[in-house]
Structure formats: structure tokens, C-alpha cells
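Residue-level structure breakdown
Take a look at the letters that make up each chain.
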Amino acid sequence: MSQALTLARPYARAAFAVARDAGALPAWADALAFAARVAADSQVSHLLGHPRLTREEAILLLAPDGADETFRNFLGLLFDNRRLGLLPEISGLFDALRLDAEQVVRARIVSAAALGEAELASLKAALRRRFGREVAVDLAVDPDLLGGAVIDAGDVVIDGSLKGKLQRLQAALTQ
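Residues numbered from 1 in each chain as written. Predicted model: local features only at pLDDT ≥ 70, side-chain atom pairs only at ≥ 80, totals over all residues. Heavy atoms only, no water.

**What to know about the pattern of salt bridges**
Where charged atoms from two side chains of opposite charge approach closely, those side chains can pair. As a reminder of what qualifies: The term salt bridge refers to a side-chain nitrogen of Lys or Arg lying within 4 Å of a carboxyl oxygen of Asp or Glu. We call a residue buried when its accessible area falls under 20% of the maximum for its residue type, exposed when it is over 50%, and partly exposed in between, using a 1.4 Å probe and counting protein chains only.
Scanning the model with the defined rule gives eight salt bridges in all. Note that Asp 21 and Arg 20 form a salt bridge whose closest N and O atoms lie 3.6 Å from each other. A relative accessible area of 62% places Asp 21 in the exposed class. Residues participating in the shared-partner salt-bridge network are Asp 95, Arg 98 and Glu 102.

**Concerning the layout of surface pockets**
Gaps left between atoms are located by rolling a probe of water-molecule size over the structure's atoms. For clarity, the threshold we go by: A pocket, in this scheme, is an open set of points on a 1 Å grid over the protein atoms alone with protein on both sides within 12 Å along at least 5 of 7 lines, while a cavity is a set where a 1.4 Å probe fits but cannot get out; residues line either one if an atom lies within 4 Å of a point. Grid points are joined across faces, edges and corners, and a volume is the space filled by probe spheres set on the points. Residue polarity follows a fixed list, in which Ala, Val, Leu, Ile, Met, Phe, Trp, Tyr, Cys and Pro are nonpolar, Asp, Glu, Lys and Arg are charged, and the others, Gly among them, are polar.
In this structure, the largest pocket occupies an estimated 220 Å³ of space. Lining the largest pocket we find Leu 48, Gly 49, His 50, Pro 51, Leu 53, Leu 78, Phe 79, Arg 82, Arg 83, Leu 84, Gly 85 and Leu 86. Classifying every residue of the lining of the largest pocket gives seven nonpolar, three polar and two charged.

**Section: the nonpolar core**
Convention followed: To qualify as a nonpolar core, a set must consist of buried Ala, Val, Leu, Ile, Met, Phe, Trp, Tyr and Cys residues joined through side-chain atoms within 4.5 Å. Elements are defined by DSSP. Helices are runs of H or I of four residues or more, strands are runs of E of two residues or more, and each kind is numbered from the N terminus. Any two residues whose heavy atoms approach within 4.5 Å are treated as being in contact.
Among the nonpolar cores identified, the biggest contains 33 residues, and Trp 28, Leu 32, Leu 62, Leu 75, Leu 87, Ile 90 and Phe 94 are the most heavily contacted of them. Among the elements of the structure, α1 (3-22), α2 (25-40), α3 (42-48), α4 (55-62), α5 (69-80) and α6 (87-101) are those that each provide at least two residues to this core. Examining the composition of this core, we find that eight residues originate from one element, α2, more than from any other. When residues no more than four places from it in sequence are discounted, the contact partners of Leu 87 are Leu 32, Ala 35, Ala 36, Ala 39, Leu 62, Leu 75 and Leu 78.

**Some points on the packing of aromatic side chains**
Rule in force here: Only the six-membered ring of Trp is used, alongside the rings of Phe and Tyr, when aromatic pairs are assigned; centres must lie within 6.5 Å, and planes under 30 degrees apart are stacked while those over 60 apart are edge-to-face, with the rest tilted.
Evaluated as defined, the whole model comprises four aromatic pairs. Aromatic pair Phe 71 and Phe 74: ring centres 6.5 Å apart, planes at 35°, arrangement tilted. One end of the pair is Phe 71 and the other is Phe 74, both in helix α5 and three residues apart, which spans about a single turn. An aromatic cluster of at least three residues, connected via ring pairs, comprises Trp 28, Phe 71 and Phe 74.

See below:
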């Protein structure tokens, strides 16, 4: 496990607890995603470590418009502890905690061609049955798969691509 994830975990858990108790999980998820995107920008990440950057300037830079005072205080805490660079990891861990609490599984589906709505609905229904939870899907297209799709849902990877089948066939023939 990377050191950044180890350092980010307590902040993500604390943010999750505060957001859950306030009934503001979606708002905090959006605010953290915004702050993470800003912090991950190469020009901004260099600026975040600058000794002349003030706490107020950092919060103004990273907080989305309309962010509540508690979120701004959280950013201030990260600034005080020199942890603003961890915002991408904190956001990712926060999302994982939120999806788990909401009984949602995140699945990434990479297909050889864009999926139609009927195909996507069928895949989501099958994944719901398999995991017994709602499914949030991220889609991507990779023509190198030749046909089919690869589904990555946490600990489960289902390779139904033509490329994967050909590789398995080749491995079986060479043994």
C-alpha cells in the first residue's frame, strides 16, 4: 500500500463521518472531487507546497463555490497539516466509503465498441444480481479488445473480450 493512501485514510474516514452525520454525503463527495481535481493539476500542486501560500488562499483555491463552512474547515486542517497534496487519495477513499455505505458497487466496463442502452442495462442487471447491490458503472472503449468487454468490479474481473479468449486459447495450446 502506498504511503499516500496510508496518510490519506484517516482524513477520508473523518471527512466521511462528518459528511454522514450531517446528511451531506453527495455534497461532500462533489466538493472533494472538485478539490482533488484542482490539487492534482500540475501547476496547482506545485503552488500548494509554496511557503507563501496562506491558509485562506489555499481554501479559496480548492473549495468549490457554495462549499459549507465545515468543508472549508476540513481544507484548513489539511493545509495546517501540510496534507493538501493528498486530496486525490482522500477523495478516492471517501468515494469508496460512500459507495460501501450506500450498498453500491463500482464497476468499470471496457468494451471493444460503444455499448447500446439495452446492452448496458442488461450488464448492469446481471452485475446487480451477482453482487446483490446497486451498480455504478464507468464506461470506456478499447478497440484492441476486438470484441466483447472486460468488467472490473473491485476484486472481481470478468474478461469476456475476444482478445482475452484468444490469449487463453493460445496459453492452452502452448501447454
